[in-house]
Amino acid sequence: RLVGAAMKADDGVLITLVLQFALLSLLAVGGINAVIPEMHRQVVDLHQWMTDERFGELYAISQAAPGPNVMVVALITNRSAARSVQSSR
């Protein structure tokens, strides 16, 4: 049910995230850490999907967790979509 609610709530947020991160992936020659400032600008400053503190927390979690550094994209996408669902209720 939650997945269905997320898709119905605001497909625009998910599409925007996919497009923005796809564009950033073309610029990520130095790895994901090279585009973190632009991701921060898009997510926090322009779209205000999360606070600066939350972005920092998610980045810290992604760096502390084992696995690829690109995990920050999944965490940001998850949090932004969850916020979209909460705001639509």
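Remember, predicted model here, so these are calculated numbers, not experimental data.

Draft legend 1. Focus on the overall build of the protein. Along the backbone of the protein there are 5 helices and 0 strands. Along the chain direction, N to C, the helices and strands of the protein fall in the order α-α-α-α-α. Residues counted as buried form 27% of the 89 residues belonging to the protein. Counting contacts in the protein only where the partners sit at least 6 residues apart, residues at least 24 apart contribute 55% of the total.

Draft legend 2. Spatial organisation of the nonpolar core. Core analysis: the biggest nonpolar cluster contains 17 residues, and Phe21, Ile32, Met39, Met50, Phe55, Val72 and Ile76 have the highest contact counts within it. At the level of elements, α2 (11–27), α3 (36–46), α4 (52–64) and α5 (71–88) are the ones that each hand at least two residues to this core. Excluding its chain neighbours within four sequence positions, the residues that come into contact with Met50 are Val43, Val44, Phe55, Leu58, Ile76, Arg79, Ser80 and Arg83.

Draft legend 3. View of the environment of Ile61. Assignment of secondary structure puts Ile61 in helix α4. On the accessibility criterion, Ile61 (45% relative accessible area) is partly exposed. Residues Ile61 and Leu75, spaced 14 residues apart in sequence, show a C-alpha to C-alpha distance of 8.8 Å.

Draft legend 4. Spatial organisation of the side chain of His40. Tracing the backbone shows His40 in helix α3. Once you skip the residues sitting within four places of it in the chain, His40 turns out to touch Asp45, Asp52 and Phe55.

Draft legend 5. Expanded view of α3. Within α3, burial applies to Ile36, Met39, His40, Gln42, Val43 and Val44. End-on, the buried residues of α3 take up no more than an arc of 165°, which puts them together on one face. Looking at the residues trailing α3, positive phi occurs at Gln48, about 55°.

Draft legend 6. Spotlight on the environment of Thr16. Take Thr16: it is sitting in helix α2. Ignoring sequence-local partners within four residues, the contact set of Thr16 consists of His47 and Trp49.

Cut-offs applied
Residues numbered from 1 in each chain as written. Predicted model: local features only at pLDDT ≥ 70, side-chain atom pairs only at ≥ 80, totals over all residues. Heavy atoms only, no water. Helix = DSSP H or I, 4+ residues; strand = E, 2+ residues; numbered from the N terminus. Buried < 20%, exposed > 50% of the residue type's maximum accessible area, 1.4 Å probe, protein only. Contact = heavy atoms within 4.5 Å. Core = buried A, V, L, I, M, F, W, Y, C linked by side-chain atoms within 4.5 Å. Arc of directions from axis to C-beta.

Functional significance is not addressed by these values, which are geometric in nature.
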